[in-house]
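Secondary and tertiary structure notes
Residue strings, one per chain:
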Amino acid sequence: MAEKKAKKISKQDTFVWEGTDKRGNRAKGEMRGNSMTLIKAELRRQGVIPLKVKKKPKPLFGGTANKKKITPKDIAIFSRQLATMMSAGVPLVQAFEIVGRGHENPSMQEMLMRIKTDIEGGNSLAEALSKFPEHFDALYCNLVSAGEQAGILETLLHKIALYKEKIEAIKGKIKKAMFYPTAVIIAAIVVTGILLYFVVPQFASMFKGFGADLPAMTQVVIDMSDFLTEWWYAVLGGIAIVIYSFTTAKKKSQGFRDFLDKSILKAPIFGELIRKATIARFARTLSTMFAAGVPLVEAMTTVAGSAGNVVYTNAILRMRDEIATGVSLQLSMRQTGLFPNMVVQLVAIGEEAGSIDAMLAKVADFYEEEVDNAVDGLSSLMEPLIMAFLGVIIGGLVVAMYLPIFKMGEVV
């Protein structure tokens, strides 16, 4: 029965309508429904006299015109808005109506309206959210389901909102740490390519009648320029193939993704940053689920899926199996060798005091602050290193081109 209802909702079309409200003012909008007749009936029920109702045309080539992708940040903001409205006593369906209609992203608006329709059809919030697993994962749906069953949905929505905000904050810090050096390296490569292709050949033609051997550094740069000028299409093609192969392998090969996850933990500087962020995510996720009353073994499965690194994912799954046989959480954590002694000790204290969720929350707070400090320190460290890198690359090219000019005086 539920499956038939879900299929019926998913087949609904979007209709564009125009009409007048009770005061005679013109109004227009969009509404999803099974037929034009039902849309008109729904508009009359809402006090709108429909003047024109037509099916919204689908974009060409099956695209999503004027639609933006729904991002994790959109979900985090929605979670906070829904929690706030529930706290203010706004009914669930009306809260979805307000948040959905007011959202700037049409894709997000459409999804929220479909969830609202599903709830009006008699499904629970957790069931409605589970139909969009790419945006609402098992953790999100399990917490909402626990809140609905225990009658504390409002409280758990606040916990979900806090969890989403913290996780997105950590992701933002990691991206900030990675973006700056990556952008500078790409800019250096582009500038070097431009100099080798356009500028160096001008100097090379000037040095042809030099009458003496060119300095070795200058000759190397000219040879590089000649190669790039003659084989530029092969160089660009090679770069494109490498990028395409990397992205394809990362998307389709689990083995390659596992290799990247293991390698990044061993990387200098960045490896420690990723490790701290992963521990913070583990602690925050497990704390949130444990506080919601989710059994520990069941929670560990969801926590493993949200770890973000295959090394920790596999370790957490092993911990789950050990806990299921009666091993304590702190002992299973210690046996993995992936968690610092401080984390294990705090979890041990939490188990003895019956406050694992509170201790894990403290661990999460500590490591989130550690990530924040590490990103700030990394930015301070990278700035002089990047300036030195640019100086060596760009400055080296300039010096190489001017060395023969200095030597010209000796020839004369």
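Residues numbered from 1 in each chain as written. Predicted model: local features only at pLDDT ≥ 70, side-chain atom pairs only at ≥ 80, totals over all residues. Heavy atoms only, no water.

Before going further, it helps to spend a moment on the overall build of the chain. In terms of regular secondary structure, the chain is built from 16 helices and 3 strands. Taken over the C-alpha trace, the chain has a radius of gyration of 30 Å; the compact-globule value for 412 residues is 22 Å, which it surpasses by more than 25%. Within the chain, buried positions represent 37% of all 412 residues. Across the chain, every contact between residues at least 6 apart in sequence was considered, and the portion connecting residues at least 24 apart equals 60%. For the chain, the separation between the mean place of its 50 positive charges and that of its 40 negative charges on side chains is 9 Å. (Helix = DSSP H or I, 4+ residues; strand = E, 2+ residues; numbered from the N terminus. Rg over C-alpha atoms; globule rule 2.2 N^0.38 Å. Buried < 20%, exposed > 50% of the residue type's maximum accessible area, 1.4 Å probe, protein only. Contact = heavy atoms within 4.5 Å. Lys, Arg positive; Asp, Glu negative; His and termini not counted. Charge placed at Lys NZ, Arg CZ, Asp CG, Glu CD.)

Okay, the sheet that holds strand 2 (residues 26-33) next. With antiparallel pairing, 3 strands are arranged side by side in an open sheet as 2-1-3. The sheet is open, and its two edges are formed by strand 2 and strand 3 (49-55), each paired on a single side. Neighbour to neighbour, the strand axes of the sheet diverge by 25 degrees on average, direction disregarded. (Pairing = 2+ DSSP bridges. Axes fitted to C-alpha atoms, helices over the stretch in contact; angles between N-to-C directions.)

Another point: the packing of helix 9 (residues 216-252) against helix 10 (residues 254-266). Viewed as axis vectors pointing N to C, helix 9 and helix 10 meet at an angle of 100 degrees, and their least axial separation amounts to 5 Å. Classed by the angle they form, the pair helix 9 and helix 10 counts as roughly perpendicular. Facing helix 9, whose interface residues are Phe246, Ala249, Lys250, Lys251 and Lys252, helix 10 presents Gln254, Phe256, Arg257 and Leu260. For the contact of helix 9 with helix 10, a count of residues per class yields 4 nonpolar, 1 polar and 4 charged. (Parallel < 35°, antiparallel > 145°, perpendicular 65-115°, else oblique. Nonpolar A, V, L, I, M, F, W, Y, C, P; charged D, E, K, R; others polar.)

Within the largest apolar cluster, 79 residues are counted, with the highest numbers of intra-cluster contacts made by Ile115, Phe136, Phe282, Leu329 and Phe339. The residues touching Ile115, leaving out its near neighbours within four places in the chain, are Phe96, Leu125, Ala128, Leu129, Phe132 and Phe136. Phe207, Val221, Leu397 and Ala400 belong to the second-largest nonpolar core, a separate cluster that totals 11 residues. (Core = buried A, V, L, I, M, F, W, Y, C linked by side-chain atoms within 4.5 Å.)

Summarising the element assignment, Arg281 is placed in helix 11 (residues 270-291). Comment: no salt bridge for buried Arg281; closest opposite-charge side chain is Glu168, at 8.2 Å. Look past the residues within four positions of Arg281 in its chain and what remains in contact with it is Ile167, Ser306, Ala307 and Gly308. (Salt bridge = Lys/Arg side-chain N within 4 Å of Asp/Glu carboxyl O.)

For the rest of this paragraph, the subject is the packing of aromatic side chains. Inspection of every chain in the model, using the stated rule, returns 11 aromatic pairs. An angle of 85 degrees between the planes, with centres 5.9 Å apart, marks the rings of Trp232 and Tyr233 as edge-to-face. Trp232 gets classed as partly exposed once you look at its relative accessible area, which sits at 40%. Taken together, Phe78, Phe96, Phe136 and Tyr140 form an aromatic cluster joined through their ring pairs. (Phe/Tyr/Trp six-rings, centres within 6.5 Å; stacked < 30°, edge-to-face > 60°.)

Moving on to helix 13 (residues 310-324). Side chains that are three or four residues apart share a direction in an α-helix, a result of its 3.6 residues per turn. A rise of 1.5 Å per residue sets the reference length of helix 13, with its 15 residues, at 21 Å; its end C-alpha atoms lie 21 Å apart and thus fit the reference within 8%. Among the residues of helix 13, those classed as buried are Val310, Tyr312, Thr313, Ala315, Ile316, Met319 and Ile323. Buried residues belonging to helix 13 abut helix 10, helix 11, helix 12 (296-305) and helix 14 (329-336). The N-terminus of helix 13 is capped by Asn309, whose side-chain oxygen sits 3.0 Å from the backbone nitrogen of Val311. One or two positions beyond helix 13, positive phi appears at Gly326, with a value near 110 degrees. (Expected span 1.5 Å × (residues − 1). Polar contact = N/O pair within 3.5 Å; in protein donor to acceptor, adjacent residues only side chain to side chain.)

Relative to strand 2, strand 1 (residues 13-20) runs antiparallel, the two being bridged by 8 bridges. Pairing of Val16 across the sheet is with Glu30, part of strand 2. Between strand 1 and strand 2, which pair antiparallel in sequence order, lie 5 residues; one of them, Gly24, sits at a positive phi of approximately 90 degrees.

Another aspect to go through is the pattern of salt bridges. Pairing between side chains of opposite charge can happen when the charged atoms of each approach one another. As enumerated under the stated definition, the model contains 11 salt bridges in all. The shortest N-O distance in the salt bridge between Lys276 and Glu370 comes to 3.2 Å. You can see Lys276 sitting in helix 11 and its partner Glu370 sitting in helix 16 (residues 356-411), a full 94 residues away along the chain. Salt bridges sharing partners connect three or more residues here, namely Glu97, Arg101, Lys116 and Glu120.

Right, let's talk about the environment of Ala388 for a bit. With respect to the helices, strands and loops of the structure, Ala388 is situated in helix 16. Through-space distance from the C-alpha of Ala388 to that of Glu322 is 50 Å; in sequence the pair is 66 residues apart.

Model confidence for the chain is summarised by a mean pLDDT of 83, while 92% of its residues fall at 70 or above. Averaged over each element, pLDDT in the chain is lowest for helix 1 (residues 2-10) (44) and highest for helix 14 (93). In the predicted structure, residues 1-10 sits below a pLDDT of 50 and forms 10 contacts with residues beyond four places in sequence or in another chain. For the stretch residues 60-65, pLDDT sits under 50, and the model shows 2 contacts to residues farther than four places along the chain or on other chains. (pLDDT = per-residue confidence, 0-100.)

A separate point is the side chain of Thr278. Tracing the backbone through its elements, the reader meets Thr278 in helix 11. With relative accessibility at 3%, the residue Thr278 sits in the buried group. Setting aside chain neighbours within four positions, we find Thr278 in contact with Ala307, Asn309 and Tyr312.

Right, let's talk about helix 9 for a bit. A rise of 1.5 Å per residue sets the reference length of helix 9, with its 37 residues, at 54 Å; its end C-alpha atoms lie only 46 Å apart and thus fall more than 12% short of the reference. At Trp231, helix 9 shows its maximal kink, close to 85 degrees. Along helix 9, the residues that are buried comprise Thr218, Val221, Ile222, Ser225 and Leu228. (Bend = angle between axes of the 7 residues up to and from the residue.)

Let us look at the environment of Ile160. Tracing the backbone through its elements, the reader meets Ile160 in helix 8 (residues 153-207). Classification of Ile160 by relative accessible area gives buried; the value is 2%. Separated by 132 residues in the primary sequence, Ile160 and Ala292 have C-alpha atoms spaced 9.9 Å apart. In this view, Ile160 contacts Ser79, Tyr140, Leu143 and Val144; residues no more than four positions away in its chain are not counted.

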